[in-house]
Amino acid sequence: MEIRTFDANDILKNKETLTEMLRDNYRVNFPDKDISPDFCREKFEMLVTNTKEGNAFVWAAFAEGGMGGFAWAFPHEYFGEKRLHINHIFVKKEHRHRGIARSLMEAILEWTRSMGMGCVDLYVRKDNAAAAALYSRLGFETERVYMTLKVE
Ligand SMILES: CC(C)(COP(=O)(O)OP(=O)(O)OC[C@H]1O[C@@H](n2cnc3c(N)ncnc32)[C@H](O)[C@@H]1OP(=O)(O)O)[C@@H](O)C(=O)NCCC(=O)NCCS
């Protein structure tokens, strides 16, 4: 398995696979939302634009049979502290449990350190046990909890 960083051209060359992975990742993490083809196309275009502008960074994992997973992250400032926000990390079903997500995360953490940022953050659904296990194995801690209340 190999982890590569992707520029905007690489992203465009892999449009179909990345759009499918974005769709599947949104479907896992927002199961009650309508994740339409238009919505996915819009997110893909956003990824291309942000990458071209240097506001988004992409890592792709290649395993036997092609791209097995990817991650999309962007730097932001949190009360004056530079952090990297991991917006998406996804591994195709047939490639799971082989250390691909861990390798993607390790590549991201190494890059974050090399850019002089001292923290990585992300959101995770409370019922996403696989992602929560991945993050806690890497040493992530819960800093804030996002709460909602339906008012009808
Ligand atoms: C979460 C996800 C990225 C994990 O990918 P993966 O390549 O299968 O994970 P890895 O094989 O690298 O596993 C890394 C660690 O996470 C843990 N883990 C991964 N999947 C797990 C599962 N289903 N149950 C329990 N632990 C799990 C493993 O214990 C492993 O720890 P170890 O390396 O110390 O043994 C993958 O399940 C996925 O793409 N899910 C759908 C998208 C998603 O939810 N993304 C996260 C959004 S916040």
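I will try to describe carefully the structure that is included in this document. What you see as residue numbers is a count from 1 along each chain, following the sequence as written. Reporting in this predicted model follows two pLDDT cut-offs: at least 70 for local features of residues, and 80 or more for side-chain atom pairs to be given and counted; totals over whole chains, interfaces and linings ignore these cut-offs and use all residues.

## Describing the overall build of the protein chain
In this text, helices come from DSSP runs of H or I with a minimum length of four residues, and strands from runs of E with a minimum of two, each type numbered from the N-terminal end. Across its full length, the protein chain carries five helices and five strands. For the protein chain, the N- to C-terminal ordering of α and β elements is β-α-α-α-β-β-β-α-β-α. Against the globule reference of 15 Å for 152 residues, the protein chain gives a C-alpha radius of gyration of 15 Å, in line with a compact fold. Over its C-alpha atoms, taken along the principal directions, the protein chain stretches across nearly 45 × 40 × 35 Å. A separation of at least 24 residues holds for 56% of the contacts in the protein chain among residues at least 6 apart in sequence. Radius of gyration here is computed from C-alpha atoms only, and the compact-globule reference equals 2.2 Å multiplied by the residue count raised to the power 0.38. Here, residue contact means that the backbone-derived C-beta atoms of the two residues sit within 7 Å.

## With respect to the site of the ligand
Here, nearness means that the C-beta atom of a residue, built from backbone geometry, sits within 6 Å of the molecule or strand in question. Around the ligand lies a shell of 21 residues, among which R96, A101, A130, A133 and L134 are the nearest. Considering every element that reaches the shell around the ligand, the biggest residue donor is helix α5 (residues 129–138), with six residues. Residues that form the shell around the ligand fall into these classes: twelve nonpolar, five polar and four charged. In this count, Pro and Cys sit with the nonpolar residues alongside Ala, Val, Leu, Ile, Met, Phe, Trp and Tyr, while Asp, Glu, Lys and Arg are called charged and the others, Gly among them, polar.

## A word on the nonpolar core
Within the largest apolar cluster, 27 residues are counted, with the highest numbers of intra-cluster contacts made by V58, F70, A71 and L104. Of all the secondary-structure elements, those providing two or more residues to this core are α2 (15–29), α3 (37–52), β2 (57–63), β3 (66–78), β4 (81–91) and α4 (100–114). Among residues more than four places away in sequence, those in contact with F70 are L18, M21, V58, W59, A60, A61 and F90. Take the buried Ala, Val, Leu, Ile, Met, Phe, Trp, Tyr and Cys residues, join any whose C-beta atoms are within 7 Å, and the set you get is a nonpolar core. The exposure scheme places C-beta atoms from the backbone and then counts, for each residue, the other C-beta atoms within 10 Å of its own, assigning buried at 20 or more, exposed at 12 or fewer, and partly exposed in between.

## A closer look at unusual backbone geometry
A positive phi angle, near 50 degrees, is found at F79, a position not held by glycine. Mapping F79 onto the fold places it in the loop between β3 and β4. A count of 5 C-beta atoms within 10 Å places F79 in the exposed class. Residue H97 is not a glycine yet carries a positive backbone phi of 65 degrees. In this structure, H97 sits in the loop between β4 and α4.

## Re the packing of α2 against α3
Helix axes use the C-alpha atoms of the stretch in contact, all axes being lines fitted to C-alpha atoms, and the angles between their N-to-C directions lie in the range 0 to 180 degrees. It is the contact of α2 with α3, at a shortest axis distance of 9 Å, that shows an interaxial angle of 115 degrees. When you trace α2 past α3, the crossing you get is right-handed. Here K15, L18, T19, L22 and R23 of α2 come into contact with α3, specifically with C40, R41, K43 and F44. Residue classes in the contact of α2 with α3 are distributed as four nonpolar, one polar and four charged. Crossings are assigned a handedness: left-handed for a near helix turned anticlockwise from the far helix by less than a right angle, right-handed for a clockwise turn.

## Overview of α2
With 15 residues, α2 ought to run about 21 Å at 1.5 Å a step, and its terminal C-alpha atoms sit 21 Å apart, in line with that. Inspection of α2 places L18, M21, L22 and N25 among the buried residues, and these make up the whole buried set. Considered in projection along α2, the buried side chains sweep an arc of 105 degrees and stay on one side of the axis. For α2, the exposed residues lying more than 90 degrees away from the buried face are E16 and R27. Close packing links the buried residues of α2 with α1 (8–13), α3, β3 and β4. One less than the number of residues in a helix, times 1.5 Å, gives the span that helix is expected to have. The arc in question is the one traced by the directions running from the helix axis out to the C-beta atoms.

## With respect to the sheet that holds strand β1 (residues 2–6)
Here five strands make up an open sheet; going across it, the order is β1-β2-β3-β4-β5 and the pairing mixed. With one partner strand each, in any of the chains shown, β1 and β5 (119–121) form the two edges of the open sheet. In this sheet, neighbouring strand axes are inclined to one another by 30 degrees on average, regardless of whether the strands run parallel or antiparallel. Paired strands are those between which DSSP finds at least two bridges. Two elements, β3 and β4, share ten bridges in a ladder whose sense is antiparallel. Bridge pairing in β4 links H76 to R83. Across the sheet, α2 is in contact with β3 and β4; its angle to β4 comes to roughly 100 degrees.

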